Amino acid sequence: MNNKEKLITTFCDALGIEQAVATGELEYNSISEWDSVAHMALIAKLEQEFDIMLDTDDIIDMSSINKAEEILARYDVVF
């Protein structure tokens with residue numbers, strides 16, 4: 001599994017959504033499953049899956065799958 005697939009799978013698992021919903025354009029609060037509580041669960045799962053510790057600003061800025069990819073790239077995650 002490459003890192004893009006891992007990112008999508010992590011979003012699906014954390015938010016309890018189907019892969020068809022997990023597109024790059026999926027944004028925070030655009031679906032009921034991605035609320036503030038689910039956001040923190042997503043962050044925890046991303047940190048675990050990619051073995052990183054996200055800064056607070058990055059946690060707040062993570063507003064879409066595309067943005068997540070951009071942020072994770074700053075932590076040397078290659079997509």
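A few points on the structure. Predicted model, so just to flag it, every value in this text is computed and none were measured.

## Here we look at the overall build of the chain
Per the secondary structure count, the chain includes four helices and zero strands. For the chain, the N- to C-terminal ordering of α and β elements is α-α-α-α. Relative to the compact-globule value of 12 Å for 79 residues, the chain shows a C-alpha radius of gyration of 11 Å, a close match. Considering only C-alpha atoms, the chain reaches an extent of 30 × 25 × 20 Å along its principal axes.

## A few points about the packing of helix H1 (residues 3–15) against helix H2 (residues 36–50)
Interhelical geometry of H1 versus H2 gives an angle of 145° and a closest axis separation of 9 Å. Of the two possible hands of crossing, H1 and H2 adopt the one that is right-handed. Here H1 contributes Asn3, Lys6, Leu7, Thr10, Phe11, Asp13, Ala14 and Leu15 to the contact with H2, which in turn contributes Ala38, Ala41, Leu42, Lys45, Leu46, Glu49 and Phe50. Of the residues assigned to the contact of H1 with H2, the class counts are nine nonpolar, two polar and four charged.

## A closer look at the environment of Lys4
Mapped onto the secondary structure, Lys4 falls in helix H1. You can call Lys4 partly exposed: its relative accessible area is 32%. The spacing of Lys4 and Val78 is 74 residues in sequence and 8.7 Å in space, taken between C-alpha atoms. Residue contacts for Lys4: discarding those within four places in its chain leaves Glu69 and Phe79.

## Brief notes about the pattern of salt bridges
Once their charged atoms are close, side chains differing in charge can pair, the charge on each being opposite to the other. Enumeration over the complete set of coordinates arrives at four salt bridges. In this structure, Lys4 engages Glu69 in a salt bridge whose closest nitrogen and oxygen atoms are separated by 2.5 Å. Here Lys4 is found in helix H1, whereas its partner Glu69 is found in helix H4 (residues 65–74), with 65 residues between them in sequence. The exposure class assigned to Glu69 is partly exposed, which follows from its relative accessible area of 22%. Arg74 is the partner of Glu70 in a salt bridge, and the nearest nitrogen-oxygen pair spans 3.6 Å. Residue Glu70 and its partner Arg74 are both found in helix H4; the two are separated by four residues, about one turn of the helix. By sharing partners, the salt bridges in this structure join Asp58, Lys67, Glu70 and Arg74 into a single network.

## Structural notes on unusual backbone geometry
We note that Asn29 has phi near 65°; this positive angle belongs to a residue other than glycine. Tracing the backbone through its elements, the reader meets Asn29 in the loop between H1 and H2. Phi angles above zero are rare outside glycine, and Asp76 is one such case at about 65°. Locating Asp76 in the fold gives a position in the segment after H4.

What counts, and at which threshold
Residues numbered from 1 in each chain as written. Predicted model: local features only at pLDDT ≥ 70, side-chain atom pairs only at ≥ 80, totals over all residues. Heavy atoms only, no water. Helix = DSSP H or I, 4+ residues; strand = E, 2+ residues; numbered from the N terminus. Rg over C-alpha atoms; globule rule 2.2 N^0.38 Å. Axes fitted to C-alpha atoms, helices over the stretch in contact; angles between N-to-C directions. Left-handed = near helix turned anticlockwise from the far one by under 90°. Contact = heavy atoms within 4.5 Å. Nonpolar A, V, L, I, M, F, W, Y, C, P; charged D, E, K, R; others polar. Buried < 20%, exposed > 50% of the residue type's maximum accessible area, 1.4 Å probe, protein only. Salt bridge = Lys/Arg side-chain N within 4 Å of Asp/Glu carboxyl O.

Remember, this is a structural readout, not a statement about activity or role.
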